[in-house]
Amino acid sequence: MRDRDYVWCLSHLALDQEEELERLCPVCRARAAESRCPVCGAPSGQGEGAVNPAFDQERYERLRKGAKA
């Protein structure tokens, strides 16, 4: 495939996604645009920069400064 073929395919994929969203009612369209868990569908609310509750900041700081675990 040539570069223009890839561009053509990607642009048509984007158009297909837009058409699918246009078929939805406004409520469902808003729900489809939300960030959701790919497994259960629950609102994720956590994107980049999310807080990991298991992360030990103090231990990280010690290790970063060269202290042994």
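Everything discussed here concerns the structure shown above.
This write-up is about the structure you can find in this document. (Residues numbered from 1 in each chain as written. Predicted model: local features only at pLDDT ≥ 70, side-chain atom pairs only at ≥ 80, totals over all residues. Heavy atoms only, no water.)

Here we come to the pattern of salt bridges. Pairing between side chains of opposite charge can happen when the charged atoms of each approach one another. Under the defined criterion, the tally for this structure stands at three salt bridges. In this structure, the salt-bridge partner of Glu20 is Arg23, at a minimum N-O distance of 3.2 Å. Relative accessible area serves as the criterion here: at 47%, Glu20 is assigned to the partly exposed category. Close ionic contact of Arg36 with Glu34 constitutes a salt bridge, the shortest N to O distance being 2.6 Å. (Salt bridge = Lys/Arg side-chain N within 4 Å of Asp/Glu carboxyl O. Buried < 20%, exposed > 50% of the residue type's maximum accessible area, 1.4 Å probe, protein only.)

Moving on: helix α3 (residues 57–64). With a side-chain oxygen positioned 3.3 Å from the backbone nitrogen of Glu58, the residue opening α3 is Asp56. Gly66 sits one or two residues past α3 and shows a positive phi near 100°. (Polar contact = N/O pair within 3.5 Å; in protein donor to acceptor, adjacent residues only side chain to side chain. Helix = DSSP H or I, 4+ residues; strand = E, 2+ residues; numbered from the N terminus.)

Interpretation in functional terms is not warranted from these geometric data alone.
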